[in-house]
Amino acid sequence: MSTYAPGRPPQRPYARRPGRPAGVTPPAGARHAQEWHVTADAPRGVDAPPELVQLLTPEGERVEHPDYDIELTAEEVRSLYRDLVLVRRVDLEAVALQRQGELGIWASLLGQEAAQIGSGRALTDADMAFPTYREHGVAWCRDVDPVKLLGLFRGVSNGGWDPAEHNFHLYTIVIGSQALHAVGYAMGIQRDGAEAATIVYFGDGATSQGDVNEAFIWASVFNAPIVFFCQNNQWAISEPLEKQSKIPLYKRASGFGFPGIRVDGNDVFACLAATRRALQNARDGQGPTLIEAFTYRMGAHTTSDDPTRYRLAHELEAWKLKDPIERVKAYLFKNQLADQEFFEKIDAEADALGKDVRSRCLALPDPPPRAIFDHVYAGAHALLDEEREQYLTYLAGFER
Ligand SMILES: Cc1ncc(C[n+]2csc(CCOP(=O)(O)OP(=O)(O)O)c2C)c(N)n1
Ligand SMILES: [Mg+2]
């Protein structure tokens with residue numbers, strides 16, 4: 001896991017947030033990236049924000065959308081709220097465990113719960129998901145025991161779960177590579193005639209990778225049943241969004257020949273509605289869709305990172321007001337779909353889950369050192385056998 005950790009904070013302090021791309025004028029009064037970056041392809045100085053599919057405002061007001069409306073029962077909204085809260089609690093517990101030396105590293109999803117729960121709950125059992133290393137909310141929707149995620153970050157497992165059992169692939173650390181795996185998988189189920197779609201998750205930074213762009217091409221020309229779900233959290237470790245693209249990311253799709261949309265990534269209703277639609281289009285033979293879930297990484301890139309070295313505090317403060325959980329809570333309250341007792345019950349459940357995850361994580365057995373060689377290949381492999389022997393001889397050389 002340590003291969004992708006920055007290891008230690010940058011030695012040179014970062015000056016300020018790097019400059020804006022040439023020709024992009026922040027509209028007067030712009031408070032953060034969302035309000036000015038998106039004008040990059042508009043005429044200079046014109047404040048023309050792209051369409052953002054939003055069904056629930058940060059204040060918890062329901063808004064209409066002509067193409068992406070969704071009917072949800074009170075029970076379904078309460079259930080989404082429960083998902084959001086429990087997933088945040090698991091994440092918080094994992095950060096604490098890392099700080100206490102019980103995990104090697106953790107990549108927090110703080111702030112991205114709605115993007116993950118909304119898209120994750122749009123999947124059917126038959127659909128297949130390919131995650132990065134941060135998709136703890138999607139894992140939750142796929143019924144992967146959170147302790148299995150923690151085992152990977154604790155270094156006691158090389159994977160953690162059976163992808164076929166959950167239709168949820170293993171976490172992928174190599175940025176963007178899962179996009180090609182996913183398109184290959186989608187082309188496979190297309191040939192099988194399956195009634196299913198594939199979804200692949202990646203970040204804003206990953207859109208600069210060759211693998212992701214190649215995946216777009218393959219998916220497009222083969223009309224693969226896939227949804228590209230980009231969580232644009234506006235940072236790739238310390239690289240800001242404006243270093244990845246001069247146009248809004250969802251607009252990239254048109255150059256590859258398939259539709260792209262931008263949704264409010266902190267709005268669980270919008271993420272659910274847009275992903276449901278895109279998955280259905282994929283199943284119906286209409287090919288890929290790129291969904292850009294516009295969100296914000298409220299935490300550090302990983303527990304090895306210190307974002308105060310490269311980003312301004314006010315940015316975080318602005319995004320706290322758009323918290324994905326608070327808006328659902330406000331909606332439930334305002335519309336009297338849940339009472340105080342409900343919220344207390346969910347909080348108690350979250351505490352119990354946190355405790356349970358913690359105790360089971362600490363009880364995870366350490367594997368024998370030789371287990372690192374297991375499951376590299378499906379069968380025996382001569383070179384691996386030789387390396388295992390060498391390693392065991394080396395270990396035997398230590399005094400007990
Ligand atoms: C191919 C590759 N290059 C570089 C890295 C190091 N690395 C790990 S995470 C990361 C940034 C990814 O940013 P983004 O795609 O926006 O995802 P986020 O972590 O923000 O969710 C980088 C460069 C890597 N893991 N793999
Ligand atoms: Mg990112």
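Criteria and thresholds
Residues numbered from 1 in each chain as written. Chains lettered and ligands numbered in written order. Predicted model: local features only at pLDDT ≥ 70, side-chain atom pairs only at ≥ 80, totals over all residues. Heavy atoms only, no water. Donors = N, O, S within 2.8 Å, 3.2 Å for Na, K, Ca; no water. Buried < 20%, exposed > 50% of the residue type's maximum accessible area, 1.4 Å probe, protein only. Salt bridge = Lys/Arg side-chain N within 4 Å of Asp/Glu carboxyl O. Helix = DSSP H or I, 4+ residues; strand = E, 2+ residues; numbered from the N terminus. Axes fitted to C-alpha atoms, helices over the stretch in contact; angles between N-to-C directions. Parallel < 35°, antiparallel > 145°, perpendicular 65-115°, else oblique. Left-handed = near helix turned anticlockwise from the far one by under 90°. Contact = heavy atoms within 4.5 Å. Expected span 1.5 Å × (residues − 1). Phe/Tyr/Trp six-rings, centres within 6.5 Å; stacked < 30°, edge-to-face > 60°. Lys NZ or Arg CZ within 6 Å of the ring centre and 35° of its normal. Near = heavy atom within 4 Å. Polar contact = N/O pair within 3.5 Å; in protein donor to acceptor, adjacent residues only side chain to side chain. Nonpolar A, V, L, I, M, F, W, Y, C, P; charged D, E, K, R; others polar. Patch = residues over 30% accessible without salt bridge, like charges linked within 9 Å, V, L, I, M, F, W, Y side chains within 5 Å. Areas by Shrake-Rupley, 256 points an atom, 1.4 Å probe, with all protein chains shown as cover. Lys, Arg positive; Asp, Glu negative; His and termini not counted. Charge placed at Lys NZ, Arg CZ, Asp CG, Glu CD. Pairing = 2+ DSSP bridges.

Caption draft 1: Main features of the coordination of the magnesium ion (ligand 2). Looking at the magnesium ion (ligand 2), the protein donor atoms are Asp204 (OD), Asn233 (OD1) and Trp235 (O), and they sit 2.1 Å from it. Spacing between the donor residues of the magnesium ion (ligand 2) along the chain follows D-x28-N-x1-W. Overall, the relative accessible area of 5% leaves asparagine 233 in the buried class.

Caption draft 2: Quick peek at the pattern of salt bridges. For the coordinates displayed, the defined rule picks out 19 salt bridges. Taking the shortest distance from any N to any O, the salt bridge between aspartate 351 and arginine 89 comes out at 3.4 Å. Of this pair, aspartate 351 sits in helix α13 (residues 340-362) while arginine 89 is found in helix α2 (residues 74-99), placing the two residues 262 residues apart along the sequence. Assessed through its relative accessible area of 42%, aspartate 351 is described here as partly exposed. Here the salt bridges do not stand alone but share partners, grouping Arg89, Glu93, Asp351 and Arg358 into one network.

Caption draft 3: Expanded view of the packing of helix α7 (residues 177-192) against helix α8 (residues 210-221). Contact pair α7 / α8: the axes reach a minimum separation of 7 Å and the direction vectors enclose 20 degrees. In terms of axis orientation, α7 runs roughly parallel to α8. Handedness of the α7/α8 crossing: left-handed. Residues Ser177, Ala179, Leu180, Val183 and Met187 of α7 touch α8, and the partners they reach there are Asp211, Val212, Glu214, Ala215, Trp218 and Ala219.

Caption draft 4: Highlighting α7. The first and last C-alpha atoms of α7 sit 23 Å apart over 16 residues, in line with the 22 Å expected at 1.5 Å per residue. All buried positions along α7 are accounted for by Ser177, Gln178, Ala179, Ala182, Val183, Ala186, Met187 and Ile189. Here the buried face of α7 lies against β1 (128-130), β2 (198-203), α8 and β3 (226-232). Among the residues trailing α7, glycine 193 stands out with phi positive, at a value near 70 degrees.

Caption draft 5: Expanded view of the packing of aromatic side chains. For the coordinates displayed, the defined rule picks out 26 aromatic pairs. Between tryptophan 218 and phenylalanine 222 the ring centres are 5.3 Å apart and the planes differ by 20 degrees, which places this aromatic pair in the stacked class. Three or more aromatic residues joined by ring pairs make a cluster, and in this case those are Trp106, Phe153, Trp161, Phe168 and Tyr171. Against the face of tyrosine 68 rests arginine 277, its NZ or CZ located 4.9 Å from the ring centre. For the cation-ring pair, lysine 329 lies above phenylalanine 343, with the distance from its terminal atom to the ring centre recorded as 5.2 Å.

Caption draft 6: Inspection of the site of ligand 1 at higher detail. Taken together, 16 residues lie around ligand 1, and Tyr133, Arg134, Gly205, Ala206 and Trp235 are the ones closest in. Contact between ligand 1 and tyrosine 133: an oxygen atom at 2.6 Å from a side-chain N or O atom of the residue. In the environment of ligand 1, an oxygen atom lies 2.8 Å from a nitrogen or oxygen atom belonging to the backbone of tryptophan 235. Taken together, the residues that form the shell around ligand 1 break down as nine nonpolar, five polar and two charged.

Caption draft 7: Here's a closer look at a negative patch on the surface. A grouping of Asp339, Glu341, Glu344 and Asp347 is seen on the molecular surface, where their side chains present a negatively charged patch. Structurally, the position occupied by glutamate 341 is in helix α13.

Caption draft 8: Summary view of the environment of aspartate 145. If you trace the backbone, aspartate 145 turns up in the loop between α4 (136-141) and α5 (146-154). Taking C-alpha positions, aspartate 145 is 9.0 Å from valine 357, a pair spaced 212 residues apart along the chain. Within polar-contact distance, the side chain of aspartate 145 engages the side chain of arginine 360 at 2.7 Å.

Caption draft 9: Looking closely at the pairing of strand β6 (residues 260-264). Buried residues dominate β6, accounting for four of its five residues. Pairing geometry for β6 and strand β7 (residues 289-294), over five bridges, is parallel. Pairing of arginine 262 across the sheet is with glutamate 292, part of β7.

Remember, this is a structural readout, not a statement about activity or role.
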